[in-house]
Amino acid sequence: MIDTAMHVGVWPDAVTTDASGTALVSVVVTNLSDMIDAYAIEVLGIDEDWVEASESRVSLFPGESQQVDLTLQLPADSPATDDRRVTVAVSSLNDHERFALGTVNVTIPPVTALSIELDPTVVHGGRAAEFGIAVTNRGNSPARAVPFATDPEATARFRFEPAEVNVAPGRTETVQVIATGGRSWFGNPPARTFTFGIADEPPIAATATFVPRPRLPRW
């Protein structure tokens, strides 16, 4: 809507949130009428608790302008997007039928934040040991997780079910790992430590322990 009694400029008309979910927008309100007027400023399209304004309302003489700075603080789990639109609404407090609107396009870049948890962390077994890698996505966009496992003794073999998972934001997916091989024939074999994780930059890893039983126990 064009209101000849006021002018509202919103800058910039497109912003990108930073790593903390913050973006800055400035609004310039100009009183084009021939009388003193007061104006309320609102941001529509997002929760009002996510907006901090340097001034929530301004009072202007005829021909006077004032800038109001808006800080948009979106939650860390806001979905990644390049087309979230918010509207800045400026309305006269003396005449509620007089208002002006400005639109800002907000880009929320994808953030990857994966974590893992092993369950169990200790397995007592014979021929094989089974572990679970729980992968949690604390970011704001889907993430692909490819599991890996290492054995310092290089004698164990690992099978992953499934071989990879796609984890939605706020969700957890589990990969089962079956470890086989490296089992001794006699005596009390020492506990073995395996490293499990997912390929990332840098990789995310955790350790678990396998306590094997010998193939032939002592008489």
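Further up the page is the structure itself.
Residues numbered from 1 in each chain as written. Predicted model: local features only at pLDDT ≥ 70, side-chain atom pairs only at ≥ 80, totals over all residues. Heavy atoms only, no water.

J.: An account of the sheet that holds strand β8 (residues 81-92) is needed here, citing residue identities and associated values.
T.: The five strands lie next to each other as β2-β9-β8-β4-β6, forming an open sheet whose pairing is mixed. At either margin of the open sheet sits one strand with a lone partner, and together these are β2 (14-16) and β6 (57-60). Going from strand to strand, the sheet's axes swing by 25° on average, the running direction of each strand aside. Alignment of β8 against strand β9 (residues 99-108), held across nine bridges, turns out to be antiparallel. In the sheet register, Val 90 faces β9, and the bridge partner there is Ala 100. (Pairing = 2+ DSSP bridges. Helix = DSSP H or I, 4+ residues; strand = E, 2+ residues; numbered from the N terminus. Axes fitted to C-alpha atoms, helices over the stretch in contact; angles between N-to-C directions.)

J.: Give me the nonpolar core: which residues, what numbers.
T.: In this structure, Val 27, Leu 72, Val 88, Val 90 and Val 104 are the most contacted members of the largest nonpolar core, which totals 25 residues. The residues contacting Val 104, other than those within four sequence positions of it, are Val 10, Pro 12, Asp 13, Ala 14, Val 15, Val 25, Arg 84, Arg 85, Val 86 and Val 88. Ala 129, Ala 149, Val 177 and Ile 204 belong to the second-largest nonpolar core, a separate cluster that totals 23 residues. (Core = buried A, V, L, I, M, F, W, Y, C linked by side-chain atoms within 4.5 Å. Buried < 20%, exposed > 50% of the residue type's maximum accessible area, 1.4 Å probe, protein only. Contact = heavy atoms within 4.5 Å.)

J.: Go over the side chain of Thr 17 with me, naming the residues and quoting the values.
T.: Among the structural elements, Thr 17 can be located in the loop between β2 and β3 (22-31). Exposure remark for Thr 17: the relative accessible area of 5% places this residue in the buried category. Look past the residues within four positions of Thr 17 in its chain and what remains in contact with it is Thr 22, Ala 23, Val 106, Thr 107, Ile 108 and Pro 109.

J.: Account for the environment of Ala 53, with residues named and values stated.
T.: In this fold, Ala 53 is placed in strand β5 (residues 51-53). With a relative accessible area of 36%, Ala 53 lands in the partly exposed category. On a C-alpha basis, the gap between Ala 53 and Ile 41 in space is 8.6 Å, while along the polypeptide they are twelve residues apart. The residues contacting Ala 53, other than those within four sequence positions of it, are Val 68, Asp 69 and Leu 70.

J.: Which residues make up the sheet that holds β3, and what values go with them?
T.: In space, the four strands of this open sheet follow the order β1-β3-β7-β5, with antiparallel pairing throughout. Two strands bound the open sheet, and with one partner strand each, they are β1 (6-11) and β5. Strand after strand, the sheet turns through a mean of 20° between neighbouring axes, direction not considered.

J.: Describe the pairing of β6, listing the residues and the values that go with them.
T.: Burial along β6 is one-sided: Val 58 and Leu 60 are buried, while Arg 57 and Ser 59, pointing the other way, are not. For strand β4 (residues 37-44) and β6, the ladder comprises four bridges, and the chain directions are antiparallel. Its bridge partner lying in β6, Ala 38 is registered against Ser 59.

J.: So what about unusual backbone geometry? Which residues, and what values?
T.: Between Trp 11 and Pro 12 the backbone carries a cis peptide bond, its omega angle lying at -10°. Considering the arrangement of structural elements, one finds Pro 12 in the loop between β1 and β2. Between Glu 161 and Pro 162 the backbone carries a cis peptide bond, its omega angle lying at 0°. Position of Pro 162 relative to the elements: it lies in the loop between β15 (157-161) and β16 (165-167). Residues other than glycine seldom take positive phi values, yet Ala 154 does so here, at roughly 55°. The topology assignment puts Ala 154 in the loop between β14 (147-150) and β15.

J.: Tell me what's going on with the packing of aromatic side chains, and back it up with residues and numbers.
T.: Counted by the stated rule, this structure contains six aromatic pairs. Seen in terms of ring centroids, Phe 131 and Phe 194 are 6.3 Å apart; in terms of plane orientation they differ by 85°. Their pairing is edge-to-face. Placement of Phe 131 in strand β12 (residues 128-137) and of Phe 194 in strand β18 (residues 192-198) is noted, with a sequence separation of 63 residues between them. For the pair shown, Phe 131 and Phe 194 are each scored as buried. A centroid spacing of 4.9 Å and a plane angle of 40° characterise the contact between Phe 131 and Phe 196, whose relative ring orientation is tilted. In this pair, Phe 131 sits in strand β12 while Phe 196 sits in strand β18, placing the two residues 65 residues apart along the sequence. Just as Phe 131 is buried, Phe 196 falls in that class too. Through successive ring pairs, a cluster of aromatic residues spans Phe 131, Phe 158, Phe 194, Phe 196 and Phe 210. (Phe/Tyr/Trp six-rings, centres within 6.5 Å; stacked < 30°, edge-to-face > 60°.)

The analysis is restricted to geometry; functional conclusions fall outside its scope.
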